[in-house]
Amino acid sequence: MKISKVTMTGADDSIQPVKLLALSAIYPFVEWGILLSRNSQGSNRFPSLQWMDRLSNELCEVDHHLNFSGHLCGQYVRQILMGSPQFLREIGMMGAFFKRFQINTHGQPHDFDIKGLREIVQAASNLENGVEFIFQYDNINTEAFDMTAAECKNVSALFDLSHGAGVLAEHWPEPLAHVKCGYAGGLSPENIIDQLKRIEDKVGDKEIWIDMETHIRSDNDKLFDLKKVEAVLAAVEKTGLISR
């Protein structure tokens, strides 16, 4: 097994954006998962527009090769699944910043318009960075993923059996054969090494990524805890599993 990225999700106004850049310089395999929601901006886990502006300004001052993914929530999810032209315009503006977008369906059934959805995904593949879309493979909305993946190559699947609740799975699923796959759900600084061994038993020699959110926050959920983040990144680096 090889690990292409370690996604740390939920950076928000509780930390200074420049600190993300500092950790990326030490651990270039980290991907910062930024939660995006029109209604939740500025709350726990969801950075404000002002925070995003500060991050953009910081990036302008460095040679920007950092990894960012936009994790779509709420109205954004409904718009992309229904092929909204408005979202297609927005994805063009955000595509220069985010290399990947994750569609957070969180275990809730969603309607979708496959023609419109495919149009957005295909259009994103033609952007300068070749934007990729991550679908939560949750046995609930998998039809949308399967039908999109049949026509579009810039899609991947995230296994999170806890549907975003941060609960550790009793077992990890086997990866899909012809699609990039990620694993999430209950991973933490305390269990990351043991769980990587369990995931490797299922994955074999496939390359994956891992994602965590709940267990890299303070106990009261108010802070994105960079000490926990760095503990995870250091532990994963020591395994020798990071793709080079």
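What about the packing of helix α5 (residues 114-125) against helix α6 (residues 142-149)?
Logical step 1: Following both chains from N to C, one finds α5 and α6 inclined at 60°, their axes separated by 10 Å at the closest point. The angle between α5 and α6 falls in the class oblique. Read as a crossing pair, α5 and α6 show a hand that is right-handed. On α6, the residues that touch I114, L117, R118 and V121 of α5 are A144, M147 and T148.

What about the sheet that holds strand β1 (residues 2-9)?
Logical step 1: One closed barrel holds the eight strands; their spatial order is β1-β2-β3-β4-β5-β6-β7-β8, and the pairing between them is parallel. Within this sheet the neighbouring strands show an average axis-to-axis angle of 30°, counted without direction.
Logical step 2: Of the strand pairs in this sheet, strand β5 (residues 132-136) and strand β6 (residues 155-159) are connected by four bridges, and their pairing is parallel. Pairing of F135 across the sheet is with A157, part of β6.
Logical step 3: Across the sheet, helix α8 (residues 226-238) is in contact with β1, β2 (30-36) and β8 (207-212); its angle to β1 comes to roughly 180°.

A closer look at the packing of aromatic side chains
Logical step 1: In the structure shown here, the tally under the stated rule is twelve aromatic pairs.
Logical step 2: Summarising the aromatic geometry, the rings of Y27 and F29 are spaced 5.9 Å apart at their centres and angled 70° between planes, so their arrangement reads as edge-to-face.
Logical step 3: We classify F29 as buried; its relative accessible area is 5%.
Logical step 4: Taken together, a centroid distance of 4.8 Å and an interplanar angle of 80° make the contact between F97 and F98 edge-to-face.
Logical step 5: Aromatic ring contacts, followed pair by pair, group F135, Y137, F145, F159, W172 and Y183 into a single cluster.
Logical step 6: Looking at R100, its charged tip hangs above the ring of W209, at a distance of 4.2 Å from the centre.

Cut-offs and rules
- Residues numbered from 1 in each chain as written.
- Predicted model: local features only at pLDDT ≥ 70, side-chain atom pairs only at ≥ 80, totals over all residues.
- Heavy atoms only, no water.
- Axes fitted to C-alpha atoms, helices over the stretch in contact; angles between N-to-C directions.
- Helix = DSSP H or I, 4+ residues; strand = E, 2+ residues; numbered from the N terminus.
- Parallel < 35°, antiparallel > 145°, perpendicular 65-115°, else oblique.
- Left-handed = near helix turned anticlockwise from the far one by under 90°.
- Contact = heavy atoms within 4.5 Å.
- Pairing = 2+ DSSP bridges.
- Phe/Tyr/Trp six-rings, centres within 6.5 Å; stacked < 30°, edge-to-face > 60°.
- Buried < 20%, exposed > 50% of the residue type's maximum accessible area, 1.4 Å probe, protein only.
- Lys NZ or Arg CZ within 6 Å of the ring centre and 35° of its normal.

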